[in-house]
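One-letter residues, chain by chain:
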Amino acid sequence: MKKRRNYFIKTAAMNYRAVLVIALIAAVVGVSVAAVGVKERVAANSPAPTFTVVIDAGHGGIDGGVTGVNYGVVESELNLYMARALREDFENAGFCVVMTRTTSAGLYGASYSSLKKTDMLNRKKIIEQADADVVISLHMNKCSLPSRRGAQVFFKPQDDESRRLAERVQDRLNGMEEASRSCITLVGDYYVLNESPCPAILVECGFLSNAEDEKLLLTEEYREKLSYEIFCGTVGYLLVK
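Small disclaimer: the values here were computed from a predicted structure and weren't measured.

A few points about unusual backbone geometry
- If you check the backbone angles, H59 has positive phi at about 65 degrees while not being a glycine.
- Judged by its relative accessible area of 15%, H59 is buried.
- One non-glycine residue, D131, adopts positive backbone phi at about 50 degrees.
- By relative accessible area, which is 64% here, D131 ends up exposed.

Structure (structure tokens):
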């Protein structure tokens, strides 16, 4: 499925990229071309309009986050795998992507005394300098109830645009065949969201405390499906906001 999708996206990029890529994405996410005003957008923005997305892979370095219940997979590594897959989706569609981290290392350098604070401040700096349209922070969840599972989206407090973005993404995640239940979006009082100057969401991609979620997240195929739904929900938001 993904190879076929990438083929059409790359073909569109080589032929009048500005119009065809937007039209293609609109069709993928179920938005009519007329509704998003493709011609008006292209006419008003020369060269072609470009969106910038910040993808934040949570944790990193000695801050591994939560671990899987059966296989002991480390959250920080799964976050990075997800971030790379999501970056590919956006870049294939002509978006500008800024990653807060691209390796397994954290963002605190040699400063171990204030590791978490330094890491968060550096993420904030990257987000501010990116002048992004949206921020997507990727994490994995954990719960004392091992039966709890599913991908859930949190949004920046007291921000209607972040809520709309979250709802778009959550709808796509709820529609996946692997979704065991329909999750609702929730307010996320997190530093990376609070400090983002643009609409921002945090996606908990699944519960590593749940055996089924952990098993799914260990597969590249599922991570790519998950990232694609996050991509589609984000594009749906950007094209109609």
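Regarding the pairing of strand 2 (residues 96–99)
- Residues V97 and M99 of strand 2 are buried on one face, while the alternating residues C96 and V98, pointing to the opposite face, are not.
- Sheet analysis places strand 1 (residues 52–57) next to strand 2, joined by four bridges and oriented parallel. Bridge pairing in strand 2 links V54 to V98.

A look at helix 6 (residues 115–130)
- Taking 1.5 Å as the rise per residue, helix 6 with 16 residues should run 22 Å; its terminal C-alpha atoms sit 23 Å apart, in good agreement.
- Where helix 6 is concerned, the buried positions are L115, T118, D119, M120, R123, I127 and A130.
- For helix 6, the elements touching its buried residues are strand 1, strand 2, strand 3 (134–141) and helix 8 (191–194).
- Downstream of helix 6 by a residue or two, D131 has a phi angle that is positive, lying close to 50 degrees.

Focus on the environment of V98
- On the secondary structure map, V98 appears in strand 2.
- Look at V98 and you get partly exposed, because its relative accessible area is 22%.
- As a C-alpha pair, V98 and A130 span 32 residues in sequence and 6.8 Å in three-dimensional space.
- V98 has contacts with T52, V53, V54, I55, I126 and A130, leaving out every residue within four places of it along the chain.

Points about the packing of helix 5 (residues 75–92) against helix 10 (residues 220–240)
- Their axes nearest at 9 Å, the elements helix 5 and helix 10 cross at an angle of 50 degrees. Put simply, helix 5 runs oblique to helix 10. Classified by chirality, the crossing of helix 10 by helix 5 is right-handed. Contacts between helix 5 and helix 10 involve L78, Y81, M82, A85, L86, D89 and F90 from the first element and R223, L226, S227, Y228, I230, F231, T234 and V235 from the second.
- In terms of residue class, the contact of helix 5 with helix 10 is made up of eleven nonpolar, two polar and two charged.

Some details on the packing of aromatic side chains
- Across all of its chains, the model carries six aromatic pairs by this definition.
- Pairing F51 with F95 gives two aromatic rings, centres 5.7 Å apart and planes at 25 degrees, and the pair type is stacked. Separated by 44 residues along the polypeptide, F51 in the loop between helix 4 (38–44) and strand 1 and F95 in the loop between helix 5 and strand 2 bring together distant segments of the chain. F95 matches F51 in its accessibility class, with the two residues each being buried.
- Note on F154 and Y190: the rings are 5.8 Å apart at their centroids and 80 degrees apart in plane angle, and the pair reads as edge-to-face. With F154 in strand 4 (residues 152–155) and Y190 in the loop between strand 5 (186–187) and helix 8, this residue pair connects regions lying 36 residues apart in the sequence.
- Judged by its relative accessible area of 9%, F154 is buried.
- Site record: aromatic cluster; members linked through ring pairs are F51, F90, F95, Y228 and F231.

Rules of the game
Here the residue numbers are simple positions, counted from 1 along each chain's written sequence. Local features in a predicted model are, by the rule used here, given only for residues with pLDDT of at least 70; side-chain atom pairs are given and counted only at 80 or more, and totals for whole chains, interfaces and linings are based on all residues. Each side-chain value is derived from all of the structure's non-hydrogen atoms; neither hydrogens nor water enter the calculation. Summary of the burial criterion: residues with accessible area below 20% of their type's maximum are buried, those above 50% are exposed, and those between are partly exposed, where the area comes from a 1.4 Å probe applied to protein chains only. Helix and strand definitions follow DSSP, with helices as H or I runs of at least four residues and strands as E runs of at least two, each counted in order from the N terminus. When DSSP finds two or more bridges between a pair of strands, those strands are recorded as paired. For a helix, the expected span equals 1.5 Å multiplied by the residue count minus one. Whether two residues are in contact is decided by their heavy atoms: any pair within 4.5 Å suffices. Only the stretch in contact is used when fitting a helix axis, every axis being a line fitted to C-alpha atoms; angles between N-to-C directions are given from 0 to 180 degrees. Should an angle fall under 35 degrees it is taken as roughly parallel, and over 145 as roughly antiparallel, whereas 65 to 115 is taken as roughly perpendicular and any remaining angle as oblique. When the near helix sits turned anticlockwise from the far one by under a right angle, the crossing is termed left-handed; a clockwise turn instead gives a right-handed crossing. Think of it as three bins: nonpolar holds Ala, Val, Leu, Ile, Met, Phe, Trp, Tyr, Cys and Pro, charged holds Asp, Glu, Lys and Arg, and polar takes everything else, Gly as well. The criterion for an aromatic pair is that two Phe, Tyr or Trp rings (for Trp, the six-membered ring) have centres within 6.5 Å, with stacked assigned to planes under 30 degrees apart, edge-to-face to planes over 60 apart and tilted to the rest.

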